[in-house]
Amino acid sequence: MKKDTVIRFMIMIASLAVASYLACILTPMQSDISQEKNFLTKAPVAGLHKFFADVAWMRFINFAGGLSSIDSTNVDKVSRMLEKIIAYDPNFVESYQSGVLSISNADPKLAVKLLEQACANPHLAHNIQIPFYAGFILSRTIVDQNNPDKILSEPDYAAAARFFRMAIQRTRDPESYLISNYIHAKAKARGGEESLAVLSVLYDEWKMSKAGKDEIYSDYCQIPDIEERLVKATREAKYPIDDEGRLLKPSQKALELIAKVQQEILFKKHLCENCVTPAAPGDKFCGTCGHAVKTWGVCSCGHILSSKAYCTRCGKKQ
Amino acid sequence: MSEIMAIASGTWKNILRMKVVYFLIFCVWVLVGIASMYEILTIGHHKPLMMDVSLVLNAIAASLVVLSVTFEIPRELRQGVAATLLTKSLGRTQYLAGKAVGICVAGFVICALIAAGSLIIYALTFSEAIAGPMFQAHFLLIISIIPMASMAVFFATLFPEVAAPVLTIIAIWFAYSTGIIANIPVVYGGLLPNLDLFNFKSHAVYLKPIPILYMILVTVWGIAYALFLLMLTSFFFKVKDIK
Ligand SMILES: [Zn+2]
Ligand SMILES: [Zn+2]
């Protein structure tokens, strides 16, 4: 063999070894850097996924925009177009926020499925709307627009609560509507009298927050204004109203829970035992219902205290 | 070395001397600019669209530049150009290497022009600074010319004028579509080219930075794979009859 043949052969083997070795390092590195690659379609599109997603998006807008409504007659086609966009670009937020929502009345089950996939996408891990939409769809009864007797999806409150909780956990400062939706879904999942269920959900959430459980792994989440919500829920549980707005009598169970909540949590808030309205310092009777309340915030000299360190009439340290 | 560079400079000068190349670069810039008019058709998605269009067109341009060598080599072999060089055994390897280097240089210049122009158009249209990942995505695309050039040289040497470009295009398409076969790194990236390693087009849109270490390693991979394929080609080329 000639010398240059040997050299060329050696170079070939060496470069093949280097390329193979680097490929073994680069392949896992790449799927770590581009995590969405694992969600992408396997179709041979020569790495042009993102561009094909744009084209599919424009086709979707063009088609869906021309429909007067998306219903059972056309939802299959619209869904296929949406699934195509998501397969090419799972990070495409608009395809969930406008796209999936547009099919939620015609194919709620598919909409929830697509949103659930998006919830697992690390790129969208901070998106609040996606789990919220999923919860929103799941907490409603959705009927076929062309055939009102046909129910497309029944509410699944437990699943809805899970999505609402996910939305709450994705933000430091959850909006009030997220929390209300979460509590109501959880209460609906418990069933029974709604105002009582809401109160018992809030009471459990409060207890768990005091126990300091790790919120990611348990079925509750941090609710910032829980005490205000408890006051409101207590009042509503004490004076429940029916669908027509008529006042009802609270059940024995509700009264027991109300007493427990008042004793354990709300005693610091100086609420009227009767109507659950806060009493002002020095009040002997409730200003709302006239019920006697336990007086608070009064110096032994009888002067009503402001939040200062000494009584402003007799100078006694408080 | 001087022979390699002589062949290389002949190749890139040939391409860069053609006025049509600059006209096509200009057309690409125009197409990128047009993407800004798609605001309504995409309901406000025209910004990512422009970035995607610039990357796709640059990738197509890279493939076309690389493809030009699949016409050039079979023609030169048929016409007996550089016949004296090809009679020497070392000369044949130098010829292949020179072609690969030449096509890489031409590709770098053309794709860098497209990338720079597109990014400037993007910055001017939306009056915002160019983010790092946008540069990185275009840069990796340009580096992918190295293994692609060796693939083109491989097919151009072994196949006649019509088959070579077709096979090169199929091979490039296949090498970018790693999803279709099980991704075993030694096979795909070792023996077969895995051009998808250079594909970070979505990062330019979602502004996710690519680690510098990855950029360096993937460049080394491109060079190593190109070297492997060129040496392999040189063995086939040696036994090939040339008039
Ligand atoms: Zn009262
Ligand atoms: Zn006093």
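Shown above is the structure to which this text applies.
Cut-off values and rules
Residues numbered from 1 in each chain as written. Chains lettered and ligands numbered in written order. Predicted model: local features only at pLDDT ≥ 70, side-chain atom pairs only at ≥ 80, totals over all residues. Heavy atoms only, no water. Helix = DSSP H or I, 4+ residues; strand = E, 2+ residues; numbered from the N terminus. Rg over C-alpha atoms; globule rule 2.2 N^0.38 Å. Buried < 20%, exposed > 50% of the residue type's maximum accessible area, 1.4 Å probe, protein only. Contact = heavy atoms within 4.5 Å. Areas by Shrake-Rupley, 256 points an atom, 1.4 Å probe, with all protein chains shown as cover. Lys, Arg positive; Asp, Glu negative; His and termini not counted. Charge placed at Lys NZ, Arg CZ, Asp CG, Glu CD. Buried area = accessible area lost by both parts, 1.4 Å probe. Salt bridge = Lys/Arg side-chain N within 4 Å of Asp/Glu carboxyl O.

Could you give me a rundown of the overall build of chain A, with the residues and numbers involved?
Regarding its fold elements, chain A presents 11 helices and 2 strands. Each helix and strand of chain A, placed in order from N terminus to C terminus, yields the pattern α-α-α-α-α-α-β-β-α-α-α-α-α. In terms of overall size, chain A is more extended than a compact globule, its C-alpha atoms giving a radius of gyration of 30 Å where 318 residues would be expected to give roughly 20 Å. For chain A, the spread of C-alpha atoms along the principal axes amounts to about 115 × 60 × 30 Å. The buried share among the 318 residues of chain A stands at 44%. When contacts within chain A are restricted to residue pairs at least 6 apart in sequence, long-range pairs at least 24 apart make up 51% of them. Per element, the accessible surface of chain A, about 16900 Å² overall, is 55% carbon and sulfur. A gap of 6 Å separates the mean positions of the 40 positive and 35 negative side-chain charges of chain A.

Please set out the interface of chain A and chain B residue by residue, giving values where relevant.
Opposite the 42 residues of chain A that make contact, chain B presents 52 residues. Across the chain A to chain B interface the summed buried area is about 4300 Å²; carbon plus sulfur atoms make up 70%. Linking chain A with chain B are 1 salt bridge, by the criterion used here. In this structure, B:D52 and A:K50 form a salt bridge, with 3.4 Å as the shortest nitrogen-oxygen distance.

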